[in-house]
Amino acid sequence: MPTQWKRSPEELHKTYVANTEAFYRAAGRGLAGEMDKFCSDCALQLFARSASLGQEHVDALNALYSKGQPKPDWLLWALSTAVGESGEFLPPLFFWSLTEQDARQGTDCSRIFVRMLTNILLCLAAVDDDVTYAEAEYITECGDKLTALCDSAGVKPGKPTLKAENFVTSAERPFMEKNSPAAAAAPQGAEKSAPAAKEETEAEKPNLDQLLAELDDLVGLDAVKKDIKSMMNLIKVRRLRQEAGLPVAPMSLHMVFTGNPGTGKTTVARLVGGLYAAIGALSKGQLVEVDRSGLVAGYVGQTAIKTQEVITSALGGVLFIDEAYSLASGGENDFGREAIETILKAMEDHRDDLVIIVAGYTDLMERFLSSNPGLESRFNKYIEFPDYNGEQLNAIFHSLCRKNGYELDEEGEAFSREYFDSLYEGRDENFGNGRDVRNQFESMILRQANRLATMEAPTKEELSRLTKADFLPDPEPEP
């Protein structure tokens, strides 16, 4: 989609001069040299987030010079190297002095600078006729950091800057994600030798036995473990039938995880990614976890781009969408529906190298899936995560103690069983399962620290020991 911000090199230079001249009239032309250097550095950082690098980026960088300043003479090879070495955004030194001056004199030169930089960066982002989501994020980051300095210095309010996210036109991955500095430095046409590539693939491949051991070590979840292993067996046999030239029925690897919070859904999703990669069903096996806020934007047309960015990062692995029902909780014009449509298309386009797992409360997930016929047809594997009982909650607690170098004394052991049985029996709609156990463990560590702080030289055993007293809240001070 073409962008309204695209400028030819000549037009870009005129835009740059017009913006900087307006700034110099307020702040003084003595900043011109520092300004040109700063804007060039920002351009390099911005181009690292572009979808590609080409001559148009070179021409744009050569257009960034103020009146009376030398014209740059960048070449493509030098630009590519500089982009690879560019750092993160830092406000220029002169900006700090500028904000202090504004605060003293009641002026707003620093606010003008922020608006000016936003305009220039949008033009630079659009030199290839597209503005990527990563470029918009960078422009917003620059503006936010500079604005925060203005606010902290007490500079009077000014006109708002443009919102870069409103001008995104492309969901392409950034240049530096697709081209590492090492790859950019390699000769064109150079490829890894087959043995080296094979060794790298085998080194990165998840360890099947280790992941299965992690799955088996999870407390409870017997039915969940059985379902995951059955899915793996189905994948293996399906592949064997394919290799034998036998027909195979179509299957979907996408799943629905239902259950209350804290029941291990995210942990199992991470293991699924690794396990599927280990048996060859996925190419990478990474887990990308999001909720509604990670998919839905606040402007028309931006949600599809934002969702596509997330999907691209999850290719080869598992996209885990927590509280997925919130995508369909709004009305007909809610942007969540745009995210759902984008997800459904991705499930079709990337059926061989992407697993999507949607998760949430059982009843809400049922309503979510029935809200769109496409969802019902693509998600046909449901796995229910039950609440942990008292014995399992106690086992999770002891696992946390072992991992962190703590142990209970005899009285604490007895009370631990009673405590978690009572926690389970008294559970309500706010019951957090494993999360409640972790919160309890962290509270006990704090109480133990308060208890030991009164001792002059606690022993190693005392530092490692938790007691019944650490289970109980500190008594309220007497009035």
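Since we're looking at a predicted model, the values are computed, not measured.

Rules behind the numbers
- Residues numbered from 1 in each chain as written.
- Predicted model: local features only at pLDDT ≥ 70, side-chain atom pairs only at ≥ 80, totals over all residues.
- Heavy atoms only, no water.
- Phe/Tyr/Trp six-rings, centres within 6.5 Å; stacked < 30°, edge-to-face > 60°.
- Helix = DSSP H or I, 4+ residues; strand = E, 2+ residues; numbered from the N terminus.
- Buried < 20%, exposed > 50% of the residue type's maximum accessible area, 1.4 Å probe, protein only.
- 1 Å grid on protein atoms, 1.4 Å probe; cavity = no way out; pocket = protein on both sides within 12 Å on 5 of 7 lines; lining within 4 Å.
- Points joined across faces, edges and corners; volume = space filled by probe spheres on them.
- Nonpolar A, V, L, I, M, F, W, Y, C, P; charged D, E, K, R; others polar.
- Arc of directions from axis to C-beta.
- Pairing = 2+ DSSP bridges.
- Axes fitted to C-alpha atoms, helices over the stretch in contact; angles between N-to-C directions.
- Contact = heavy atoms within 4.5 Å.
- Parallel < 35°, antiparallel > 145°, perpendicular 65-115°, else oblique.

Visitor: Explain the packing of aromatic side chains here, please?
Guide: Each aromatic ring pair is characterised by the separation of its centres together with the angle its planes make. Tallied over the full model, the rule gives 19 aromatic pairs. Ring centres of F38 and F89 lie 5.9 Å apart, and the angle between their planes is 65°; on these two criteria the pair is classed as edge-to-face. One end of the pair, F38, is in helix α2 (residues 32–47); the other, F89, is in the loop between α4 (76–85) and α5 (93–105), and 51 residues separate them in sequence. Overall, F89 belongs to the buried group, its relative accessible area being 1%. Where F415 meets F471, the ring centres are 5.4 Å apart and the plane angle is 65°; that geometry is what we call edge-to-face.

Visitor: Please clarify how empty space enclosed by the protein should be interpreted in this entry.
Guide: A probe matching the size of a water molecule, rolled over the atoms, marks out where space remains unfilled. Taken as a whole and assessed by the stated rule, the structure comprises 1 cavity of 30 Å³ or more. What the largest cavity holds in volume is close to 40 Å³. Forming the walls of the largest cavity are I321, L327, I340, I343, I356, V358, F368, L375 and F379. Mapped onto the lining of the largest cavity, the elements with two or more residues apiece are α15 (336–349) and β4 (355–360). Of the residues in the lining of the largest cavity, the class split is 9 nonpolar, no polar and no charged.

Visitor: Looking at this structure, I do not really get α4. What am I missing?
Guide: One full turn of an α-helix is made of 3.6 residues, so residues set three or four places apart face in the same direction. Of all the positions in α4, only L79, A82 and V83 are classed as buried. Looking straight down α4, one finds its buried side chains confined to an arc of 100°; they lie on one side. Seen from the buried face of α4, the exposed residues on the opposite side, beyond 90 degrees, are W77 and E85.

Visitor: Teacher, can you tell me more about the layout of surface pockets here?
Guide: Considering only enclosed or pocket space, the largest pocket measures out at about 780 Å³ in volume. Mapped onto the lining of the largest pocket, the elements with two or more residues apiece are α11 (208–217), α13 (265–278), α18 (390–403) and α20 (434–452). Examining the composition of the lining of the largest pocket, we find that 6 residues originate from one element, α18, more than from any other. Class assignment of the residues belonging to the lining of the largest pocket gives a composition of 11 nonpolar, 10 polar and 10 charged. The space that makes up the second largest pocket amounts to roughly 530 Å³. Around the second largest pocket, the lining comprises 22 residues; the ones closest to its centre are R238, M251, L253, R351 and D352. Elements represented by at least two residues in the lining of the second largest pocket include exactly α12 (222–243), α15 and α17 (373–378). If you tally residues by element for the lining of the second largest pocket, the top one is α12, at 4 residues. By residue class, the composition of the lining of the second largest pocket is 9 nonpolar, 6 polar and 7 charged.

Visitor: Would you explain the sheet that holds strand β1 (residues 255–259) in this entry?
Guide: The strands making up a sheet associate through hydrogen bonds between their backbones, and the pairing can be parallel or antiparallel. Reading across the sheet, the 5 strands line up as β2-β3-β4-β1-β5 and stay open at both edges, with parallel pairing between neighbours. Every other strand in the sheet has two partners, leaving β2 (287–290) and β5 (382–385) as the edge strands with one partner each. Between one strand axis and the next, the sheet turns by 20° as a mean value, whatever way the strands run. As judged from the 4 bridges shared by β1 and β4, these two strands associate in the parallel manner. Looking across to β4, one finds that M255 is bridged to I357. Of the strands in this sheet, β1, β2, β3 (318–322), β4 and β5 are in contact with α13, which crosses β1 at around 155°.

Visitor: Sorry, what's going on with the environment of G54 here?
Guide: Tracing the backbone shows G54 in the loop between α2 and α3 (55–61). The exposure class assigned to G54 is buried, which follows from its relative accessible area of 11%. In sequence terms G54 and S80 are 26 residues apart; their C-alpha atoms lie 9.0 Å from each other.

Visitor: Looking at this structure, I do not really get the packing of helix α6 (residues 109–125) against helix α7 (residues 133–153). What am I missing?
Guide: Describing two packed helices takes the angle between their axes plus the distance from one axis to the other. Closest axis-to-axis distance for the α6/α7 pair is 10 Å, and the angle between their directions is 175°. When the axis of α6 is compared with that of α7, the two are roughly antiparallel. Together, S110, R111, F113, V114, L117, T118, L121, L122 and A125 of α6 and E135, Y138, I139, C142, G143, L146, T147, C150 and D151 of α7 make up the contact between the two elements.

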